[in-house]
There are 2 protein chains.
Amino acid sequence: MDFTKLPKTELEKKKKELEASYRSFQAKGLSLNMARGKPGQDQLQLSNDMLDILNSKSDLSASNGQDCRNYGMSEGLPELRKLFSEMMEVDADHVILGGNSSLNMMFDTVACGMTNGFGGCEPWGRQEHRKFLCPSPGYDRHFKVTEYFGFELVTVPMTPTGPDMDAVEEYVKDSSVKGMWCVPKYQNPTGVTFSDETVRRIANLKPAAKDFRVFWDNAYCVHDLTETTDHLLNLWEECEKAGTLEMAFFFASTSKITFPGSGIAAMACGDKNFKEIRTRYSFQTIGPDKLNQLRHLYFLKNLDGVKAQMAKHRTLIAPKFKAVLSKLKSELSGKNVAVWSHPRGGYFISVDVLPGCAKRVVELCGKAGVKLTGAGATFPYGRDPKDSNIRVAPTYPPVGELEQAMDLFCLCIQLAAAEKLLGPSA
Amino acid sequence: MDFTKLPKTELEKKKKELEASYRSFQAKGLSLNMARGKPGQDQLQLSNDMLDILNSKSDLSASNGQDCRNYGMSEGLPELRKLFSEMMEVDADHVILGGNSSLNMMFDTVACGMTNGFGGCEPWGRQEHRKFLCPSPGYDRHFKVTEYFGFELVTVPMTPTGPDMDAVEEYVKDSSVKGMWCVPKYQNPTGVTFSDETVRRIANLKPAAKDFRVFWDNAYCVHDLTETTDHLLNLWEECEKAGTLEMAFFFASTSKITFPGSGIAAMACGDKNFKEIRTRYSFQTIGPDKLNQLRHLYFLKNLDGVKAQMAKHRTLIAPKFKAVLSKLKSELSGKNVAVWSHPRGGYFISVDVLPGCAKRVVELCGKAGVKLTGAGATFPYGRDPKDSNIRVAPTYPPVGELEQAMDLFCLCIQLAAAEKLLGPSA
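Note that the structure is predicted; figures quoted are calculated from it, not measured.

### Focus: the sheet that holds strand E10 (residues 338–340) of chain B
Residue and element names in this part refer to chain B.
Phase 1: Pairing in this open sheet of 3 strands is antiparallel, and the strands run E10-E11-E13 from one edge to the other. Looking at the sheet topology across the chains shown, the edges are occupied by E10 and strand E13 (389–392). With direction set aside, neighbouring strand axes in the sheet form an average angle of 25 degrees.
Phase 2: In this structure, strand E11 (residues 349–353) lies alongside E13, joined through 4 bridges in antiparallel fashion.

Right, dumping it as structure tokens:
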């Protein structure tokens, strides 16, 4: 039953049925949240043993003998830097550990560009008409960082192989284009892993601006939903080959490995950027929380430990993704009202509803007690030009609630589609 | 035996004796550090029970029911905000909790001024010739933050009642003067607590610049060395009376209450600044480490808990201050080669040696194995115009080592004085 091909009378009848179902949903008084990529309670429980790892009798010294409770060791514990370098596939000597938030490190890095500049250029804050490339749909919080700092956000379409590189190569000829946000593996929200060609073309960009920087947020580097991980070509190595290592900043965190609120963030970059960022941090703080680093080191141990932990997460969240996908399929397939992603990792399912319907779907869901990510959030300035993309975050609610929420979601997609197809007079 | 009044021959004889003693010190091969205000191992031990407070079986929810392990609650735990408001004597609704470093919050606040500005003014980063007032001797890391951001550092003399307010009132008539660093209680390094008049005059400043801001770093607000705390007039209240609350940012942390590397930092400010800073943090991070906040809340409990904890610190460090002061007295009094502070709180003893001798004293101590804060560090750009001030940090070494280090320090002060008084030909 393709909605777009239904005769008007049948569609009107269908709409009435959908409205009746919707009212009965409203009567249920649901209160569910699929808005953010927030791990569920069961996932938090996976790291609870980390809370037992340090106690008042523990040896709290780092391998270099320094006391982790005191000031010092601003670069972080060497062994944990090494573990991050393996996760991020970058050089360990170029890793800087931060606090609990990689977003914070990205923000600070943009802030560093704003006040002190990169590559010997005038600080961004003193340059007019700066632009930043935002592959979209993408991560709202990335876009907002550069919006906060007064960049003009430029939408670059996401394709099944990553950002549209023809567009990117064209844009970087403009010296006012200062950078690009990337989530290269299991992209938020599309789930796309950048192809080898995309990674190579990024490494070989020849931007007009010497202070153009790629923000490579490998947030989901070990966050597989299947037993085989997606292959992502190593940008660090490709940049080294191309002599462009100073063009990229690399980020990751344990926020979705251990505790979202109390994880460890890390970044890496080439020599010159490293020196710039380390200088900034040397003024900014006396050092990160090393006790929490020690907890992470003892708990995760090494890359195998990380992988074992991620397998446990997968066991808990893969069924949630499956539930969402199976609802989308059973409720919507053949109706021509939506297409959606089938991610092999990450935290999201990206749903494109009929153009002009995304806001209405989110509104309908909200009024029946299911909170979704705001429509448009995945685009710069929160404005989806087609009003079509909705990001579904399946991890937080238990499967039972998720299925209820998805029933409503699929209903609202159809109802919004019927409203749209019948036009404003309906 | 006043060195400055000794006949040349006697001073030469004295110098030879001092040199002989110095050589025997060198032979001892000491390796001691009095450079930074770093708590000693015994002090770290005072908070070790905090590591047992949370474990895998704990209730990890905040009083509002939210799980402290997950994302969210960007403003921090309400009860801990309240505790900080009592410590800082500010309004609880205007407290923001941060990560482990109040220096980081100060840095971020200056960075906010740089990129986004305060009071509706042009961002600092877009204003030429900005200046910042630095009461000196003062805290080197404060000065360096504003140096990093390109401010011209203006030295304001510290007096026994706080910064020279005649000078401050004159300087703020210049609209390029954008702020002032203050450690109002047990100032680093002088130990001075600002007088009531000083606090009132600060609250009643009429700066030409609308974006002039006082950075009120109450780092030692509960860090008494005696049983009676110094009285510090409440700047928050004085500013409210004067209608100048937007002129001040207030900071504090538990770095020297619990663990220096894993404490909790906080700041407070008036409505408009609060909105500006909260906006920045809403882009910068998804929230602070709430598990560590929960540990602190359970461990410290309330202001009485903080005071009890500080009494334990006092028991450990007051004897160290006493040892330093008693060495200074027994070795140097009557010799007219140094004057020093007698702090009632804080972390430092400030020693003024003969003009032109501070660098030499630090050099001599270093060559015999005792590391001191670099001479000049307590002044803007690390340049003490008189080359006279040395900051002594007694807390880290055990008393026995401290006494050895002080013997050497006092010897070096005398030797440098003798060298100076005898002139370059000697």
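So, next bit.
### Considering the domain arrangement of chain A
All names here are of chain A.
Phase 1: What the domain assignment lists for chain A is domain 1 (3–44 + 311–422) and domain 2 (61–301).
Phase 2: Centre-to-centre, using C-alpha coordinates, domain 1 lies 31 Å away from domain 2.
Phase 3: Across the boundary between the two partners, domain 1 contributes 21 residues, which contact 24 residues of domain 2.
Phase 4: If you list the elements that add at least two residues to the side of domain 1 that touches domain 2, you get helix H12 (303–332) and strand E13 (389–392).
Phase 5: For the side of domain 1 that touches domain 2, the leading source of residues is H12, giving 3 residues.
Phase 6: Residue composition of the side of domain 1 that touches domain 2, grouped by class: 11 nonpolar, 6 polar and 4 charged.

### Some remarks on the environment of lysine 82 of chain A
All names here are of chain A.
Phase 1: Its place among the elements puts lysine 82 in helix H4 (residues 78–88).
Phase 2: On the basis of neighbour count, lysine 82 is assigned to the partly exposed category, with 16 C-beta atoms found within 10 Å.
Phase 3: Taking the C-alpha atoms as reference points, lysine 82 and aspartate 2, separated by 80 residues in sequence, lie 54 Å from one another.

### Points about the interface of chain A and chain B
Phase 1: Of the residues lining the interface, 47 residues belong to chain A; the matching set on chain B comes to 47 residues.
Phase 2: Mapped onto the side of chain A that touches chain B, the elements with two or more residues apiece are helix H2 (41–45), helix H3 (50–53), helix H5 (102–115), helix H6 (140–148), helix H10 (271–284) and helix H11 (290–300) of chain A.
Phase 3: With 6 residues, the single largest contributor to the side of chain A that touches chain B is H5 of chain A.
Phase 4: Split into classes, the residues belonging to the side of chain A that touches chain B amount to 19 nonpolar, 18 polar and 10 charged.

### Notes on the relation of the copies chain A and chain B
Phase 1: Here chain A sits on chain B after a turn of 180 degrees about the axis and a move of 0.0 Å along it, with an RMSD of 0.0 Å. The transformation relating the two chain copies, once decomposed into turn and shift, fits a two-fold axis.
Phase 2: Here 100% of the contact residues of chain A are again contact residues in chain B; the copies associate through an equivalent surface.

### Examining the environment of serine 85 of chain B
Phase 1: With respect to the helices and strands, the residue serine 85 of chain B is situated in helix H4 (residues 78–88).
Phase 2: Other than its neighbours up to four places away in sequence, serine 85 of chain B contacts Val90, Asp91, Ala92 and Val95 of chain B.

### A look at the pairing of strand E7 (residues 213–217) of chain B
Residues and elements named next belong to chain B.
Phase 1: Among the 5 residues of E7, 5 are classified as buried, and the element is accordingly described as predominantly covered.
Phase 2: Neither face of E7 is exposed, since Arg213, Phe215 and Asp217 on one face and Val214 and Trp216 on the opposite face are all buried.
Phase 3: Two strands pair when backbone bridges link them, and strand E6 (residues 177–182) and E7 are joined in this way by 4 bridges, in the parallel orientation. Opposite methionine 180, over in E7, you have valine 214 as the bridge partner.
Phase 4: Crossover connection from E6 via helix H8 (residues 196–203) to parallel E7: handedness right-handed.
Phase 5: Pairing geometry for E7 and strand E8 (residues 248–253), over 4 bridges, is parallel. Paired with phenylalanine 215 across the two strands is phenylalanine 249, which belongs to E8.
Phase 6: Running through helix H9 (residues 235–242), the crossover from E7 to the neighbouring parallel element E8 is right-handed.

### What to know about unusual backbone geometry
Phase 1: The amide bond that connects asparagine 188 of chain A to the next residue, proline 189 of chain A, takes the cis arrangement and shows omega of 10 degrees.
Phase 2: Cis geometry is found at the peptide bond from serine 136 of chain B to proline 137 of chain B, where omega equals 0 degrees.
Phase 3: For proline 137 of chain B, the location among the structural elements is in the loop between strand E3 (131–136) and helix H6 (140–148).
Phase 4: A positive phi angle is found at histidine 129 of chain A, which is not glycine, with a value near 50 degrees.

### Details of the pairing of strand E9 (residues 265–269) of chain B
Residues and elements named next belong to chain B.
Phase 1: For E9, the buried fraction is high: 5 of the 5 residues fall into the buried class.
Phase 2: Burial along E9 is two-sided: the face carrying Ala265, Met267 and Cys269 and the face carrying Ala266 and Ala268 are both buried.
Phase 3: Relative to E9, strand E2 (residues 95–97) is paired through 3 bridges, and the arrangement is antiparallel. Note on E9: the bridge partner recorded for leucine 97 is alanine 266.
Phase 4: As paired elements, E8 and E9 share 5 bridges and run antiparallel to each other. Across the sheet, residue phenylalanine 251 finds its bridge partner in E9, namely methionine 267.

### What to know about the nonpolar core
Phase 1: Within the largest apolar cluster, 227 residues are counted, with the highest numbers of intra-cluster contacts made by Phe250, Ala266, Val353, Val361 and Ile413 of chain A together with Phe250 and Ala266 of chain B.
Phase 2: Aside from chain neighbours lying at most four places away, what touches alanine 266 of chain A is Phe84, Met88, Val95, Ile96, Leu97, Gly98, Ala252 and Ser253 of chain A.

Conventions used here
- Residues numbered from 1 in each chain as written.
- Chains lettered and ligands numbered in written order.
- Predicted model: local features only at pLDDT ≥ 70, side-chain atom pairs only at ≥ 80, totals over all residues.
- Pairing = 2+ DSSP bridges.
- Helix = DSSP H or I, 4+ residues; strand = E, 2+ residues; numbered from the N terminus.
- Axes fitted to C-alpha atoms, helices over the stretch in contact; angles between N-to-C directions.
- Domains from an automatic or database assignment.
- Contact = placed C-beta atoms within 7 Å.
- Nonpolar A, V, L, I, M, F, W, Y, C, P; charged D, E, K, R; others polar.
- Buried ≥ 20, exposed ≤ 12 C-beta atoms within 10 Å, placed from the backbone.
- Least-squares fit on C-alpha atoms with pLDDT ≥ 70 in both.
- Right-handed = clockwise from strand over helix to strand, strands pointing away.
- Core = buried A, V, L, I, M, F, W, Y, C linked by C-beta atoms within 7 Å.

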